[in-house]
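Coordinate analysis (summary)
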Amino acid sequence: MNNNYQSMWKNLGLDLNAHDALLQVLGKGYQDIFLAQNNRPEGMSYFDFVMSEVHGLRIKELMDEKDQGRKIVGSYCVFVPEELVLAANATLVGLCSGADFVMEEVEKLLPRNTCALIKSSFGFKLGKVCPYLESADMIVGENTCDGKKKAYETLNTLVKNLYVMDLPQVKSEQGKSLLKAEYDRFKNAMEKLTGVSITAESLKQAIQIVNAKRSAIHRLSALRKANPVPISGLDALLANQVFFYDNPARFTESVNKICDELEKRIEEKQGVFPENTPRILLSGCPMAVPNWKLPWIIETSGAVIVGEESCVGERGTRNLTDESGQTMDEMMKSIVNRYFKVDCAIFSPNPDRLNHISEMVETYKADGVIHYSLQFCQPYLMESIPVETALENKNIPVLRIETDYSMEDVGQLKTRVEAFVEQLT
Ligand code: SF4
Ligand code: SF4
């Protein structure tokens, strides 16, 4: 990565040595996992570029936006409505939390048996290695699982700009009212942060921008129904990961370009893997950058991933916000309606998720489901059992995996995944 960025990183307060080490690991991982793939669509070169500049050019762009008075908002969850951030003339970025960092320091503040995602969010802060976190004018946490909820109390002592959003856990009218009240409060917080009043016009435009980005991802997902599959699950996951921090209009354009190419590939029956390669639906916890371990294991074990039932995937992107509203009230209602459908495992009961997994199996013609939970993640671990039962009742093969961000279990996971894939052929 360009040495010219050193002073920018230094100004952001990063630990340059630790940050260099992180970039080296990231670069090597990317090389070994993504660039080592065969038959990639040419359009993926855009994502290769984005990844090579993930801490460089994109951060420089954010710094330029900040110089022009625009605020940056960091988020850990798909419940933070990008529409309201954009409408207040701010930029939303995902805070990835996909790798272990300074774990000894983290475990002084959090119990050892905390999920890797939460630990990682602390590691990136304590290790001073995340330019997104450091450039954010506001960091939005949310009361979802108990781990996150309590961890934010401690994170609040490490950062000065944490905003905590309360979220419902029951899909009831009261739950929806809570979400509405929280989104109203968030709208006010955005206006206060930016000094910009959200108008019906700016909100409408923001809804259209975010919907366009989601529609591009929907188009990409639909192309994965083809046999042979025109894009690997790893590359599709990467597009879903970049969704969280790229400029929305540029992202939409780039994904649509890839889709044009994929349509041609489908016509020519050109796949990344041979026709009839076993097809896997991956379901479970979000997979933040650079958590590519399991998808890489699956796609080097004779299978292809055809969909992600995940917040970094279809759970996060699947519904559009209704664009027909004209008044602020109508549009706020549409936003609440859209996000209230997100079927995170923190909801109880959560039948929509079970139905959606089965639906995805059918839509993407998956031969089996791999359910992935992070160790110590109660909501997804608990829910993996009813998911397995529901799928087995429909004779859909399921493999339940519980793992973390370390590489220690790669051999063991590979053996299990290979045996599962074998059973699908
Ligand atoms: S899994 Fe739940 S808590 Fe996590 S990002 Fe998704 S909606 Fe948010
Ligand atoms: S829902 Fe699970 S993976 Fe997400 S933060 Fe909570 S414990 Fe971690």
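What comes next is a walk through the structure. (Residues numbered from 1 in each chain as written. Chains lettered and ligands numbered in written order. Predicted model: local features only at pLDDT ≥ 70, side-chain atom pairs only at ≥ 80, totals over all residues. Heavy atoms only, no water.)

Turning our attention to the pairing of strand S7 (residues 368–374). With respect to burial, S7 is a largely interior element, seven of its seven residues being buried. Burial along S7 is two-sided: Gly368, Ile370, Tyr372 and Leu374 and Val369, His371 and Ser373, pointing in opposite directions, are all buried. Two elements, strand S5 (residues 279–284) and S7, share five bridges in a ladder whose sense is parallel. The residue bridging Gly284 from the neighbouring strand is Tyr372, located in S7. Note that S7 and strand S8 (residues 398–403) share six bridges and pair parallel. Residue Val369 lies in a different strand from S8, and its bridge partner there is Val398. In this view, the connection linking S7 to its parallel neighbour S8 by way of helix H18 (residues 378–393) has right-handed handedness. (Buried < 20%, exposed > 50% of the residue type's maximum accessible area, 1.4 Å probe, protein only. Helix = DSSP H or I, 4+ residues; strand = E, 2+ residues; numbered from the N terminus. Pairing = 2+ DSSP bridges. Right-handed = clockwise from strand over helix to strand, strands pointing away.)

Attention shifts here to the site of ligand 2. Taken together, the residues surrounding ligand 2 are Cys115, Ile118, Cys145, Lys148, Cys285, Leu374 and Cys377. Residue composition of the shell around ligand 2, by class: six nonpolar, no polar and one charged. Residues from two domains meet in the shell around ligand 2; each of domain 1 (5–203) and domain 2 (217–320 + 344–424) gives at least three. (Near = heavy atom within 4 Å. Nonpolar A, V, L, I, M, F, W, Y, C, P; charged D, E, K, R; others polar. Domains from an automatic or database assignment.)

Core analysis: the biggest nonpolar cluster contains 130 residues, and Phe47, Phe79, Tyr183, Phe186, Leu203, Trp292 and Ile370 have the highest contact counts within it. Among the elements that line this core, the one with the most residues is helix H11 (residues 200–223), at eight residues. Two domains share this core, each providing at least three of its residues, namely domain 1 (5–203) and domain 2 (217–320 + 344–424). Other than its neighbours up to four places away in sequence, Phe186 contacts Val80, Pro81, Leu84, Val85, Met138, Val140, Tyr163 and Met165. Val304, Val387, Ile396 and Val398 belong to the second-largest nonpolar core, a separate cluster that totals 14 residues. (Core = buried A, V, L, I, M, F, W, Y, C linked by side-chain atoms within 4.5 Å. Contact = heavy atoms within 4.5 Å.)

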